[in-house]
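One-letter residues, chain by chain:
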Amino acid sequence: MPPASDPHAPFPVRHVHEVEARSSERRWLVDQLFANSSVGLLGGPPKAFKTWVAAELALAVATGTPAFGRFATLDPGPVLFFGAEDPPPDLRTRFDGIARARRLDLAKVPLLLLDVAQLRLDDATHLDRLHRTVALHAPRLLVLDPFVRLVTGLDENSARDVSAVLGALRTLQREHDVTILLVHHMRKSPAAHPAQQLRGSGDFSAWLDSGLYLTRDGDDRVLVVEHRSAPAPSPFRLRLVPGDAPHLEIHDAHGADAAPAGDRLGARIVERLHAADRPQPTQSLRNALHVRKADLLIALRALAERCLVTKTPHGWT
């Protein structure tokens, strides 16, 4: 039989039973918001805070802290960020504001900006350099913002053109086990579902594993989430908090901190367990989080049902 490197040889195959099953513990990069080892898209019309949301997710992944103060980061690690529409000093200002609001030391965060003036995903040389950069720094998350500035002369309404670029990103994701967040513009005209407002080819919505869609409603932005193979949280409102530490906060009729108590406690539990170097007994968690035992047990059971925590003979992990 000819060797696998022979261009005329049959493709190799594997029996489905031999494929390693995906661990439930690595299902999410950010709980409920973004799948792990996936490709996804963040869409929104102009001035919808797309870059703010991308920066919030990037900082959460790089630090292992809850995104928007609510959604636990479950597989933290370095982040590589390219913002084609914002000069580096402006990106630094955004990250500074979020870091101050979340009480993080930006100097200690493994968040790297791709330090080039241009990145062209439809250029073979640029794509090869991006592969080499991802291989070198091994980020958990790669953020590319926005699509329209990452291609040259490409017709985003052409399924053939768009699918070639998106296919290249999918290959990058699979070869390097990196999660990719691509920012893309949406039309201002309303549609039955925000995904139908994405500019260009329908290949964008067909390609993604996780989709985040921003719409405007007065001073608020509404974030709608969908996933290819998992349930999504209910849409929620975001509001930009100005001042010395500008950042996005979840906002509703009762204020920005009105997340259900179980959600907030769950995020704190996951953050605590990620920071620990050994399983944590229930009493240790209770002492560290300063909560009632009954509330802690309810939150732990809910997290265990979603495969976010596991109880071992030595404690929770």
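Residues numbered from 1 in each chain as written. Predicted model: local features only at pLDDT ≥ 70, side-chain atom pairs only at ≥ 80, totals over all residues. Heavy atoms only, no water.

Enquirer: Requested: an account of the packing of aromatic side chains, with residues and values cited.
Expert: Here the structure, examined in full by the defined rule, presents four aromatic pairs. Taking 5.0 Å as the distance between ring centres and 85° as the angle between the ring planes, the aromatic pair formed by phenylalanine 147 and phenylalanine 204 counts as edge-to-face. In this pair, phenylalanine 147 sits in the loop between strand 6 (141-145) and helix 4 (159-176) while phenylalanine 204 sits in helix 5 (residues 203-207), placing the two residues 57 residues apart along the sequence. Relative accessible area serves as the criterion here: at 1%, phenylalanine 147 is assigned to the buried category. Three or more aromatic residues link up through ring pairs in this structure, and these residues are Phe68, Phe71 and Phe236. Over the aromatic face of phenylalanine 49 sits the side chain of arginine 221, whose NZ or CZ is 4.1 Å from the ring centroid. (Phe/Tyr/Trp six-rings, centres within 6.5 Å; stacked < 30°, edge-to-face > 60°. Helix = DSSP H or I, 4+ residues; strand = E, 2+ residues; numbered from the N terminus. Buried < 20%, exposed > 50% of the residue type's maximum accessible area, 1.4 Å probe, protein only. Lys NZ or Arg CZ within 6 Å of the ring centre and 35° of its normal.)

Enquirer: Summarise helix 4; cite the residues concerned and give the values.
Expert: A rise of 1.5 Å per residue sets the reference length of helix 4, with its 18 residues, at 26 Å; its end C-alpha atoms lie 25 Å apart and thus fit the reference within 8%. Every buried residue of helix 4 is accounted for by Val162, Val165, Leu166, Ala168, Leu169, Arg170, Leu172 and Gln173. For helix 4, the elements touching its buried residues are strand 3 (39-44), helix 3 (124-137), strand 6, strand 7 (179-185) and helix 5. Where helix 4 terminates, the next one or two residues include aspartate 177, which has phi positive at roughly 50°. (Expected span 1.5 Å × (residues − 1). Contact = heavy atoms within 4.5 Å.)

Enquirer: How would you explain the sheet that holds strand 5 (residues 111-113) if you had to name every residue and give the values?
Expert: Sheet strands pair via backbone hydrogen bonds, and the direction of the pair is either parallel or antiparallel. The strand order across the open sheet built from nine strands is 5-4-6-7-3-8-9-10-11, with neighbouring strands paired in mixed fashion. Each having just a single partner strand, strand 5 and strand 11 (247-251) make up the two edges of the open sheet. When the angles between neighbouring strand axes are averaged without regard to direction, this sheet yields 25°. By the bridge criterion, five bridges tie strand 10 (residues 236-241) to strand 11 in an arrangement that is antiparallel. Bridge assignment links valine 241 to a residue of strand 11, and that residue is histidine 247. (Pairing = 2+ DSSP bridges. Axes fitted to C-alpha atoms, helices over the stretch in contact; angles between N-to-C directions.)

Enquirer: Describe the pairing of strand 9 (residues 220-227), with residues and values.
Expert: For strand 9, a buried count of seven out of eight residues is recorded, marking the element as mostly surrounded by other parts of the structure. Joining the antiparallel neighbours strand 8 (residues 210-217) and strand 9 is a turn of two residues, in which glycine 218 adopts a positive phi near 65°. Sheet topology note: the strand 9/strand 10 ladder contains three bridges and is antiparallel. Its bridge partner lying in strand 10, valine 222 is registered against arginine 237.

Enquirer: So what's going on with the environment of threonine 65? Residues and values would help.
Expert: Tracing the backbone shows threonine 65 in the loop between helix 1 (50-63) and strand 4 (79-83). The class of threonine 65 is buried, set by a relative accessible area of 13%. Along the chain, threonine 65 and lysine 47 lie 18 residues apart, while their C-alpha atoms are 26 Å from each other. Reaching out from threonine 65, the side chain makes a polar contact with the side chain of threonine 63 at a distance of 2.7 Å. (Polar contact = N/O pair within 3.5 Å; in protein donor to acceptor, adjacent residues only side chain to side chain.)

Enquirer: Describe in detail unusual backbone geometry, supporting the description with residues and values.
Expert: Comment: phi is negative for the bulk of residues other than glycine, and the bulk of peptide bonds are trans. In the segment running from aspartate 145 into proline 146, the intervening peptide bond is cis, with an omega of -10°. With respect to the helices and strands, proline 146 occurs in the loop between strand 6 and helix 4. Here phenylalanine 68, not a glycine, exhibits a phi torsion of approximately 60°, which is positive. Tracing the backbone shows phenylalanine 68 in the loop between helix 1 and strand 4. Even without being glycine, alanine 138 reaches a positive phi, approximately 45°.

Enquirer: Account for the pairing of strand 8, naming residues and giving values.
Expert: Bridge analysis of strand 3 against strand 8 gives four bridges, and the strand direction is parallel. Following the sheet pairing, leucine 42 is matched in strand 8 by leucine 212. With eight bridges connecting them, strand 8 and strand 9 associate as antiparallel partners. By the bridge assignment, glycine 211 is partnered in strand 9 with glutamate 226.

Enquirer: Quick one: what's the story with the pattern of salt bridges, residue by residue and with numbers?
Expert: The final tally for this structure, using the stated rule, is 13 salt bridges. The residue arginine 92 makes a salt bridge to aspartate 96 at a minimum N-O spacing of 2.8 Å. With arginine 92 and aspartate 96 both in helix 2 (residues 88-101) and four residues apart, the pair spans about one turn of that helix. Among the ionic pairs, glutamate 156 bridges to arginine 199, the shortest N-O distance being 2.9 Å. Of the two residues, glutamate 156 is situated in the loop between strand 6 and helix 4 and arginine 199 in the loop between strand 7 and helix 5; the sequence distance between them amounts to 43 residues. Using a relative accessible area of 27% as the deciding quantity, one classes arginine 199 as partly exposed. Counted as one network, the salt bridges with shared partners bring together Asp217, Asp220, Arg237 and Arg239. (Salt bridge = Lys/Arg side-chain N within 4 Å of Asp/Glu carboxyl O.)

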